[in-house]
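# Geometric and topological summary
For reference, the chains in residue letters:
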Amino acid sequence: MTQNQASMMPWPEEDFSVYGPVEERAVGRVQQFVGKAMSRNWSMIPHVTHHDEADISGFEARRKAFNQANPDKKRTLLPALIKAAVATLQQYPQFNCSINADGSKLFQKQYYHIGIAVDVPSGLLVPVIRDCDKKSIDEIATEVAAISEKARTKGLSMAEMSGGCFTLSSLGHIGGTAFTPIINAPEVAIMGITRAQSRFIPDANGAPVLSLQLPLSLSYDHRVINGADAARFVKSMADFLQGFEFS
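Summary of the structure given here.

Here is what the cut-offs are and how they apply
- Residues numbered from 1 in each chain as written.
- Predicted model: local features only at pLDDT ≥ 70, side-chain atom pairs only at ≥ 80, totals over all residues.
- Heavy atoms only, no water.
- Phe/Tyr/Trp six-rings, centres within 6.5 Å; stacked < 30°, edge-to-face > 60°.
- Helix = DSSP H or I, 4+ residues; strand = E, 2+ residues; numbered from the N terminus.
- Buried < 20%, exposed > 50% of the residue type's maximum accessible area, 1.4 Å probe, protein only.
- Core = buried A, V, L, I, M, F, W, Y, C linked by side-chain atoms within 4.5 Å.
- Contact = heavy atoms within 4.5 Å.

Moving on, we get to the packing of aromatic side chains. Each aromatic ring pair is characterised by the separation of its centres together with the angle its planes make. Considering all chains together, one arrives at eight aromatic pairs under this definition. Ring centres of Phe166 and Phe233 lie 5.5 Å apart, and the angle between their planes is 45 degrees; this geometry places the pair in the tilted category. Here the residue Phe166 occupies a position in strand S8 (residues 166-170), and Phe233 occupies one in helix H6 (residues 227-242), the gap between them amounting to 67 residues. Each member of the pair, Phe166 as well as Phe233, is classed as buried. Taken together through their ring pairs, the aromatic side chains of Phe59, Phe66, Phe240, Phe244 and Phe246 make up a single cluster.

Core analysis: the largest hydrophobic core is formed by 49 residues, its most contacted members being Ile114, Phe166, Leu168, Met191, Leu218, Phe233 and Leu241. Per-element tally for this core: the top contributor is helix H4 (residues 77-91), with seven residues. Ignoring any residue separated from it by four or fewer positions in sequence, one finds Leu168 in contact with Leu78, Leu81, Ile82, Ile114, Gly115, Ile116, Ala117, Met191, Ile193 and Met237.

Right, let's get into the environment of Leu216. Of note, Leu216 is situated in strand S11 (residues 208-221). Residue Leu216 is classed as buried on the basis of its relative accessible area, which comes to 0%. C-alpha separation for the pair Leu216 and Arg195, spaced 21 residues apart in sequence, amounts to 9.5 Å. Among residues more than four places away in sequence, those in contact with Leu216 are His50, His51, Asp52, Ala54, Met191, Gly192, Ile193 and Val234.

Structure (structure tokens):
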């Protein structure tokens, strides 16, 4: 129990059947574990979330053109986001760190292992794709598909969910405009992605231009990262996507 938890009021215990019919069921083992981890991370890490958008109009046009020309190896957004995350972590290495329990030491990582949050029937699992700086986008796409399917059907070992540097949590296939993802300790940042939306944005001359905007929500540990660097990180990741070429 943390000091914050010890000072809180006790959890309210009620007989809900007094108010109407109820059904009692046990919380699953995976969901209990994830819940405890998220509670610890939220209470112990000073979270701040920075929201911005990436113009992916050109990215999507290039992606669709590539997929039309190469129907046997279609591209999706997530592997490109993983490559964008690696490039941005290399540019801003303070995001590729971990901090110890009492906040007295930082560990600067020289590797690039990216976690991807996967929605599974029993809760939420975060498999880690290792050495993403050394893998092609095809290799990453294949690994993402395989590990996501394993997470949903067979479950994952702790080894497969350990060692991450940075996590991507995408809700774009469901919807939303922004959210505040909880950092996956001992990482110091996590990127949330929601559904891209078409909007008219003024160009340099003030004329409205229809563009596809991808919402990005970066939660970061304020003990390690300041707000200005968080804003730069998101902008750089957006710039990477904007110039991303499919091959």
